[in-house]
Amino acid sequence: MKVCSAIALLGVMTAAVAAPASAQEWYVAGSVGYLFQNDSSNSGTSGAFTTGNGAPALPFGTAIAAGTPYGWETEFDNGYALSGEFGADYGTGLRGGVEIAYTKADVDTHSGVNVAGTVIDGVDAAVLTGSPTQLGATVGAVVADGQGDIKSTSIFANAYYDFNRDGMIRPYVGAGLGYSDVQVTYAPSGVGIIDDSEGKFAYQIKGGASWAVSDKLELFGEAVYRATDDVELQNDLFPGTLNVENKQTILSIGARYRFGS
């Protein structure tokens, strides 16, 4: 997957650079956006461990075998997005650029914790900590307090097509391939579960419209759908890994400044 992604990304960059140099008009752009981070159906497999005291459902010392599936649902608050791009307009409706983007959304809540397909929200939370003494709070109550966040730092090679180039309002569509470093922190009720990151292939699809304020300056608004492959992260609470989904919709406004004549 990494080799295929690198080849595809190189292809987009090569296509952008291959356009006639004489027609290029360079530009820089920046935007701020409102992030809708999709909720995640987290899933993973555990290493071998023994439970804490979740009696009577899971008494102290119950053996959990390596490879046991587990997971839960995570809901995210809306967040924010920032991006900057350097690119070239080729005078034919085509544009190409390299974009650096950052997004952040806080965790709202977790629910539906399950082990081997059995939901354990009603079991004492000691079951997952290894404590022989019950904590007096259920797993569901502990994870409902959603502390943590998901952050993505990304680089994309983008290609665009601008319509109505001679008009004041110029709709456009675009798409990009790239790479995202995704960092996830899950610490409900202050209990550290996930604090890890992984780099993944990423893609995005864009649609928007530019408003020509002058020959040099354009304002724009756009909608972006952006996603990566699931990120595989290490679990700090008990042995195991967890796959977290990372899909986003972003509504942004920004400005684009053109160089040259």
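Everything below is about the structure printed above this text.
Reading guide: rules and limits
- Residues numbered from 1 in each chain as written.
- Predicted model: local features only at pLDDT ≥ 70, side-chain atom pairs only at ≥ 80, totals over all residues.
- Heavy atoms only, no water.
- Buried < 20%, exposed > 50% of the residue type's maximum accessible area, 1.4 Å probe, protein only.
- Helix = DSSP H or I, 4+ residues; strand = E, 2+ residues; numbered from the N terminus.
- Pairing = 2+ DSSP bridges.
- Salt bridge = Lys/Arg side-chain N within 4 Å of Asp/Glu carboxyl O.
- Phe/Tyr/Trp six-rings, centres within 6.5 Å; stacked < 30°, edge-to-face > 60°.
- Lys NZ or Arg CZ within 6 Å of the ring centre and 35° of its normal.

1. Thoughts on the pairing of strand β2 (residues 40–46)
Consideration 1: By the alternation rule, side chains of β2 split into S40, N42, G44 and S46, which are all buried, and S41, S43 and T45, of which none is buried.
Consideration 2: As defined by bridge partners, β2 adjoins strand β5 (residues 69–76) across 6 bridges and the pair is classed as antiparallel. When the sheet's bridge partners are listed, S41 is paired in β5 with E73.
Consideration 3: Relative to strand β14 (residues 240–244), β2 runs antiparallel, the two being bridged by 4 bridges. Pairing of S43 across the sheet is with N243, part of β14.

2. Some words on the pattern of salt bridges
Consideration 1: This structure, assessed with the given rule, holds 13 salt bridges.
Consideration 2: Across the pair D89 and R165 runs a salt bridge whose closest N-O atoms are separated by 3.3 Å. Placement of D89 in strand β6 (residues 79–89) and of R165 in the loop between β9 (148–162) and β10 (169–186) is noted, with a sequence separation of 76 residues between them.
Consideration 3: You can call D89 buried: its relative accessible area is 1%.
Consideration 4: Because the salt bridges share partners, they merge into one network encompassing E25, D89, R165, R170, E218, R256 and R258.

3. Structural notes on unusual backbone geometry
Consideration 1: Between A55 and the following residue, P56, the backbone shows a cis peptide bond with an omega angle of 5 degrees.
Consideration 2: Turning to its location among the elements, P56 is positioned in the loop between β3 (49–50) and β4 (63–64).
Consideration 3: The residue A116 is not glycine, and still its phi comes out positive at about 55 degrees.
Consideration 4: Relative to the helices and strands, A116 resides in the loop between β7 (94–115) and β8 (118–119).
Consideration 5: With phi around 50 degrees, N164 is a residue other than glycine that occupies positive phi space.
Consideration 6: Looking at the secondary structure, you find N164 in the loop between β9 and β10.
Consideration 7: Judged by relative accessible area, N164 falls into the partly exposed class, the value being 48%.

4. Topic: the pairing of β7
Consideration 1: Of the pairings in the sheet, the one linking β5 to β7 comprises 6 bridges and is antiparallel in character. What sits directly across from E75, in β7, is T109.
Consideration 2: Two elements, β6 and β7, share 10 bridges in a ladder whose sense is antiparallel. Looking at the pairing, A81 lines up with T103 of β7.
Consideration 3: The antiparallel pairing of β6 with β7 creates a hairpin that spans 4 residues between the two strands, and G91 there sits at a positive phi of about 75 degrees.
Consideration 4: Joining the antiparallel neighbours β7 and β8 is a turn of 2 residues, in which A116 adopts a positive phi near 55 degrees.

5. Considerations on the packing of aromatic side chains
Consideration 1: Scanning all chains against the criterion turns up 11 aromatic pairs.
Consideration 2: Relative to F238, the ring of Y70 lies with its centre 5.0 Å away and its plane at 65 degrees, an arrangement referred to as edge-to-face. Of this pair, Y70 sits in strand β5 while F238 sits in the loop between β13 (231–234) and β14, and the two are 168 residues apart along the sequence. Taken as a pair, Y70 and F238 share a single burial class, namely buried.
Consideration 3: Their ring planes at 75 degrees and their centres at 5.0 Å tell us that Y161 and F163 sit as a pair that is edge-to-face.
Consideration 4: Taking relative accessible area as the criterion, Y161 reaches 35% and is therefore assigned partly exposed.
Consideration 5: Within the aromatic cluster, the residues linked to one another by ring pairs are F49, Y70, W72, Y186 and F238.
Consideration 6: In this structure, R95 packs its charged tip against the face of Y172, placed 5.2 Å from the ring centre.

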